[in-house]
Amino acid sequence: MAPPLSKRLKRTLRYGLLRATLAVVGRLPLSWAQAFGRALGSAAFHLARGERRKALASLSIAFPELSEEARLDLARRCFRHLGTAILEMAVAPRLSRSEFDRLVDCSGDALAAMDRAHASGKGAVCVAAHLGNWELQAWGVARHGLPLHAVGKENVDPRLTRLIDRFRAAGGVRNIWRGQPGSAVGLLRMLRKGELLGILIDQDTNVQNVFVPFFGQPAATPRAAADLVLRTGAAALVCLVHKREDGTYRATSEELEVPRTGDVERDVVELTARFTARIEAAIRAHPEQWVWMHQRWKTKAC
């Protein structure tokens, strides 16, 4: 069934504005794009009242000890960071290799766990989060020659799905959309070839979930990453990125111990909880760099 006309018009307007912004910003120097992104994020904080309310509601759950003023300031910095990250993505295709490597530091131990998993031939499930600039982190991994596939759900607007496809392909990242014919078999085949699957698990989405603690509250969390690790024997990696004070990004990767008690369902929940605990720790260290406008606890445990 086609969505209502009002929703179709809203999606068309959103897509048109996004394409126009990318076309203009994509020609700017990186520093100008970052400044524009900060300004855009500040404007969104004031104009997008619904998203601001969602961010403040999430922050009140995660940081009840903070004053309302402190949470308001944190939400404002979150919007500014997200605006900056989006416009950094817009100019990324124009950056030289040296410029990109200065912006996103994926050197040394940031790739060590991925290199080991790829060299061993068992592959890796690389759990990530909407933290820092996660899309440019994926570019950094692929540009170092590692075969990375981003696993995700198609957008309700197919034009946005195609836009994401083109953007990731420009950085050497291959997309796998869940639900497409043959995608499940394809994931298993890639892991058995020693390749890497990147999966974002820090949002409450319409997929198979398990409930694990996140900021002290049970949160519906995608289980696919844990399922793939336990089924294939692939390495379980947490791959995150954060912005440093000098405006550049630092990527990290860590291999987790995989529980194998013989109770598969229990092991899935435990491994998902371990992934989520690492993500929470990174968000606590850099709270302004996560997407607080997402309603992380909208699904309630029975």
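As a reminder, the structure under discussion sits directly above these lines.
Described in the following lines is the structure provided in the data block. What you see is a predicted model; the values in this text were computed from it and never measured.

1. With respect to the overall build of the chain
Across its full length, the chain carries eleven helices and nine strands. The C-alpha atoms of the chain give a radius of gyration of 19 Å, which matches the 19 Å a tight globule of 302 residues would have. Its C-alpha atoms give the chain principal-axis dimensions of about 50 × 45 × 45 Å. Out of the 302 residues belonging to the chain, those deemed buried represent 49%. Counting contacts in the chain only where the partners sit at least 6 residues apart, residues at least 24 apart contribute 78% of the total. Surface exposure of the chain reaches about 14,900 Å², of which carbon and sulfur atoms provide 56%. Put simply, the chain has 45 plus and 30 minus side-chain charges, and the middle of one group is 8 Å from the middle of the other.

2. Considering the side chain of Arg168
Secondary-structure assignment places Arg168 in helix α8 (residues 158–170). Excluding its chain neighbours within four sequence positions, the residues that come into contact with Arg168 are Glu135, Trp139, Ala150, Val173, Asn175 and Trp177.

3. Comments concerning the packing of helix α2 (residues 30–47) against helix α4 (residues 68–91)
Relative to each other, α2 and α4 sit at 140 degrees, their axes nearing to 7 Å. Taken together, the axis directions place α2 and α4 in an arrangement best described as oblique. Here the hand of the crossing between α2 and α4 comes out right-handed. Residues Leu30, Ala33, Gln34, Phe36, Gly37, Arg38, Leu40, Gly41, Ser42, Ala44 and Phe45 of α2 touch α4, and the partners they reach there are Leu72, Ala75, Arg76, Phe79, Arg80, Gly83, Thr84, Leu87, Glu88 and Val91. Partitioning the contact of α2 with α4 into residue classes produces eleven nonpolar, six polar and four charged.

4. What about the pairing of strand β7 (residues 217–222)?
As paired strands, strand β6 (residues 209–214) and β7 are joined by six bridges and run antiparallel to one another. In the sheet register, Val212 faces β7, and the bridge partner there is Ala219. Hairpin connection from β6 to β7: two residues lie between these consecutive antiparallel strands, with Phe215 at a positive phi of about 55 degrees.

5. Overview of the pattern of salt bridges
Between side chains of opposite charge, a pair can form when the charged atoms approach closely. One pass over the structure, following the stated rule, counts 18 salt bridges. For Arg97, the salt bridge is made with Asp101, and the minimal N-O distance between the two is 3.2 Å. Remark: Asp101 and Arg97 occur in helix α5 (residues 97–103); sequence separation between them is four residues, near one turn of the helix. Classification of Asp101 as partly exposed rests on a relative accessible area of 32%. Between Arg250 and Asp109 there is a salt bridge, with its nearest N and O atoms 2.6 Å apart. One end of the pair, Arg250, is in strand β9 (residues 249–255); the other, Asp109, is in helix α6 (residues 109–120), with 141 residues separating them in the sequence. Its relative accessible area of 54% is what places Asp109 among the exposed residues. Residues joined by salt bridges that share partners form a network here, namely Asp73, Arg76, Arg77 and Glu288.

6. Looking at the sheet that holds strand β8 (residues 235–243)
Taken in spatial order, the seven strands make up an open sheet running β1-β9-β8-β2-β5-β3-β4, and their pairing is mixed. At either end of the open sheet lies a strand with only one pairing partner, and these are β1 (104–105) and β4 (174–177). The pairing of strand β2 (residues 124–128) with β8 spans four bridges and is parallel. By the bridge assignment for β8, Val125 is matched with Ala236. Sheet contacts for α6: β2, β5 (196–200), β8 and β9; angle to β9, the most-contacted strand, approximately 40 degrees.

7. Quick notes on the environment of Ala251
Structurally, Ala251 can be placed in strand β9. Using a relative accessible area of 2% as the deciding quantity, one classes Ala251 as buried. Sequence separation between Ala251 and Gly132 is 119 residues, and the spatial gap between their C-alpha atoms is 9.2 Å. Not counting chain neighbours up to four residues away, the residues in contact with Ala251 comprise Asp105, Cys106, Ala110, Gln137, Leu240 and Val241.

8. Details of α2
Spanning 18 residues, α2 covers 25 Å between terminal C-alpha atoms, matching the ideal 26 Å at 1.5 Å per step. Among all positions of α2, only Ala33, Gln34, Gly37, Gly41, Ser42 and Phe45 are buried. Tucked into the core, α2 has its buried residues touching α1 (5–25), α3 (49–62), α4, α5 and β8.

Rules and cut-offs
Residues numbered from 1 in each chain as written. Predicted model: local features only at pLDDT ≥ 70, side-chain atom pairs only at ≥ 80, totals over all residues. Heavy atoms only, no water. Helix = DSSP H or I, 4+ residues; strand = E, 2+ residues; numbered from the N terminus. Rg over C-alpha atoms; globule rule 2.2 N^0.38 Å. Buried < 20%, exposed > 50% of the residue type's maximum accessible area, 1.4 Å probe, protein only. Contact = heavy atoms within 4.5 Å. Areas by Shrake-Rupley, 256 points an atom, 1.4 Å probe, with all protein chains shown as cover. Lys, Arg positive; Asp, Glu negative; His and termini not counted. Charge placed at Lys NZ, Arg CZ, Asp CG, Glu CD. Axes fitted to C-alpha atoms, helices over the stretch in contact; angles between N-to-C directions. Parallel < 35°, antiparallel > 145°, perpendicular 65-115°, else oblique. Left-handed = near helix turned anticlockwise from the far one by under 90°. Nonpolar A, V, L, I, M, F, W, Y, C, P; charged D, E, K, R; others polar. Pairing = 2+ DSSP bridges. Salt bridge = Lys/Arg side-chain N within 4 Å of Asp/Glu carboxyl O. Expected span 1.5 Å × (residues − 1).

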